[in-house]
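# Breakdown of the fold
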Amino acid sequence: MPINIITVAGIRPDFIRFNAIYKELDKRCNIRHTLVHTGQHYDELLSDVFFKELEIREPDYNLHCGAPGKEHFDLAGDITSKLINLIRDKELDPDIILFLGDTNSVVCSVGLKKEGYTLGHIEAGMRSGDRKMLEEINRTVCDHCCDYFFVYHEDYRKNLFREGIYDNIHVVGNTIVEVAKPIIRKIKRRKRRIEHILVDIHRPENFKHPNRMKNIMELAKCLQKQYSYLPIKWLDFPRATEYIKEYDLNVELPEEAIELVPLMSYKEYLQAVYDSPFIISDSGTAQEEPALLGVPVVVPRDFTERPQSVNNNCSLMVDVNDYPDYAYICHWLKMTSMVPFKMNTEWLGDGKTAKRIVDILKKELIS
């Protein structure tokens, strides 16, 4: 009898990070893999394009739960109801349901746990320590509903220990390495062109606060002076851009030297990162791929769930509640290219995570 495994994801970063695991599950002859898309991201740029670009097969089922302006509690409830009914109606009978990450899609782990299903969490144990952070709530809840835990780093195992979770924890490395490295190898075949400074700001903890957004913009423009006035390319996340315009921060004026640019495909994003001397980003995942590209990240956040990135000189946390220390940030950026301060990416793992996870699942579920 094959092992029945359901994977559940709903947003762009999770599809990317699930990619190698999807393919590893699909090629194993004694595993029946059902790929479920919750539909949390539902437009082409945030969902469909990544299936095509990364050659991910079509989902077996799409729950179509996402919609403009949908509240998080409605989304979580809708995903839970549709997923449980799908499993029942299609008689999928999973041996395990796998989640990855910390989005609203993982919150359906609560309902699934109550129904008695066995659950696993990839990216388990990540903690920023900010209990107000929406993702922190999601990933903590998911971990406390799960039975198997696949953590990227030993630090995350320790986080689970502190919360009373001790069993079935496996340190497997980061899933992004085997997904990004083949693309990065192709990008690095040509000479690097430093063409712009890429800015990626989309967290409510920043865009909902005009003072923080103003300081981030001032930070970008101040650093721009140190890099021969390279153009600033600011990714146009619709929700964040609405607030920028509401605050009248004049982001699109030519004299402000900031250009709003459309969201990119994954390969385009990696190329844009490579063509930046550094990036400014509040994304959690953007502390990973830039490290593999050798590009430092300035992180305007108060907390991070990836302290290994900071500890290995891949990123720098910056307080934007007040005026940032521009001189120190410039010094740090200069130092990242120097030995022994140079960035270290060993914290991301060896690029064999997908096989490691699937081997563990086979061993655990067959026995």
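Anything mentioned here points back to the structure above.
So, a few notes on the structure that sits alongside this text.

About the criteria used
Residues numbered from 1 in each chain as written. Predicted model: local features only at pLDDT ≥ 70, side-chain atom pairs only at ≥ 80, totals over all residues. Heavy atoms only, no water. Axes fitted to C-alpha atoms, helices over the stretch in contact; angles between N-to-C directions. Helix = DSSP H or I, 4+ residues; strand = E, 2+ residues; numbered from the N terminus. Parallel < 35°, antiparallel > 145°, perpendicular 65-115°, else oblique. Contact = heavy atoms within 4.5 Å. Nonpolar A, V, L, I, M, F, W, Y, C, P; charged D, E, K, R; others polar. Expected span 1.5 Å × (residues − 1). Bend = angle between axes of the 7 residues up to and from the residue. Buried < 20%, exposed > 50% of the residue type's maximum accessible area, 1.4 Å probe, protein only. Phe/Tyr/Trp six-rings, centres within 6.5 Å; stacked < 30°, edge-to-face > 60°. Lys NZ or Arg CZ within 6 Å of the ring centre and 35° of its normal. Pairing = 2+ DSSP bridges. Disulfide = S-S within 2.5 Å. Arc of directions from axis to C-beta. Right-handed = clockwise from strand over helix to strand, strands pointing away.

### Looking at the packing of helix H1 (residues 12-27) against helix H7 (residues 176-187)
One can describe the packing of H1 onto H7 by two numbers: an axis separation of 7 Å at closest approach and a directional angle of 95 degrees. Of the possible angle classes, the one that applies to H1 and H7 is roughly perpendicular. Of H7, the residues touching H1 (which contributes Ile16, Arg17, Asn19 and Ala20) are Ile176, Glu178 and Val179. Looking at side-chain class alone, the contact of H1 with H7 contains 4 nonpolar, 1 polar and 2 charged residues.

### Describing H1
The terminal C-alpha atoms of H1, which comprises 16 residues, lie 23 Å apart, in line with the 22 Å expected from a rise of 1.5 Å per residue. A bend of about 45 degrees at Phe18 is the largest found in H1. With 12 of its 16 residues buried, H1 lies for the most part within the structure. Listed in full, the buried residues belonging to H1 are Pro13, Asp14, Phe15, Ile16, Arg17, Phe18, Asn19, Ala20, Ile21, Tyr22, Glu24 and Leu25.

### A look at the packing of aromatic side chains
Each aromatic ring pair is specified by the distance between its two centres and by the angle formed by the two planes. Evaluated as defined, the whole model comprises 6 aromatic pairs. Residues Phe18 and Tyr22 carry aromatic rings whose centres are separated by 4.9 Å and whose planes lie at 15 degrees to one another, so their mutual orientation is stacked. Taken as a pair, Phe18 and Tyr22 lie in helix H1 at a separation of 4 residues, close to a single helical turn. Taken individually, Phe18 and Tyr22 each receive the classification buried, so the pair is uniform in this respect. Between Phe207 and Tyr243, the aromatic rings sit 5.1 Å apart at their centres with planes inclined by 40 degrees, giving tilted as the arrangement. Taken together, the residues Phe207 in helix H8 (residues 204-207) and Tyr243 in helix H10 (residues 238-246) connect sequence positions 36 residues apart. A residue is classified by how much of its surface remains accessible, and Phe207, at 1% relative accessible area, is buried. A relative accessible area of 23% means that Tyr243 is categorised as partly exposed. Counting every residue linked through ring pairs, the aromatic cluster contains Phe207, Tyr243 and Tyr247. Just above the ring of Tyr274 sits the side chain of Arg192; from NZ or CZ to the centre is 5.3 Å.

### Regarding the sheet that holds strand E2 (residues 31-37)
If you walk across this open sheet you meet the 7 strands as E3-E2-E1-E4-E5-E6-E7, and the pairing is parallel. For this open sheet the edge positions go to strand E3 (61-62) and strand E7 (169-171), each flanked by a neighbour on one side alone. Note: strand E5 (residues 119-122) against strand E6 (residues 148-151), 3 bridges, orientation parallel. Counted as the bridge partner of Ile122 is Phe150 from E6.

### Some words on the state of the cysteines
Covalently bonding the sulfur atom of one cysteine to the sulfur atom of another cysteine gives a disulfide. Applying the stated criterion across every chain yields a total of 0 disulfides. No disulfide involves Cys330; its sulfur sits 5.8 Å from that of Cys222, the nearest cysteine.

### Topic: helix H15 (residues 353-366)
In a regular helix each residue adds 1.5 Å, so 14 residues correspond to 20 Å; H15 covers 20 Å between its end C-alpha atoms and thus fits that length. The set of residues buried in H15 consists of Thr353, Ala354, Ile357, Val358, Ile360 and Leu361. Projected down its long axis, H15 carries its buried residues within an arc of 160 degrees, all on one side. Residues of H15 that are exposed and point more than 90 degrees away from the buried face comprise Lys363 and Ile366.

### Brief notes about the pairing of strand E4 (residues 96-100)
Among the 5 residues that make up E4, 5 are buried, leaving the element largely enclosed by the rest of the structure. Neither face of E4 is open: one carries Ile96, Leu98 and Leu100, the other Ile97 and Phe99, and all of them are buried. Here 4 bridges tie strand E1 (residues 3-9) to E4, and the two strands are oriented parallel to one another. Its bridge partner being in E4, Ile6 is matched across the sheet by Ile97. As paired strands, E4 and E5 are joined by 4 bridges and run parallel to one another. When the sheet's bridge partners are listed, Leu100 is paired in E5 with Ile122. Since E4 and E5 lie parallel, the crossover through helix H4 (residues 109-114) that links them has a hand, and here it is right-handed.

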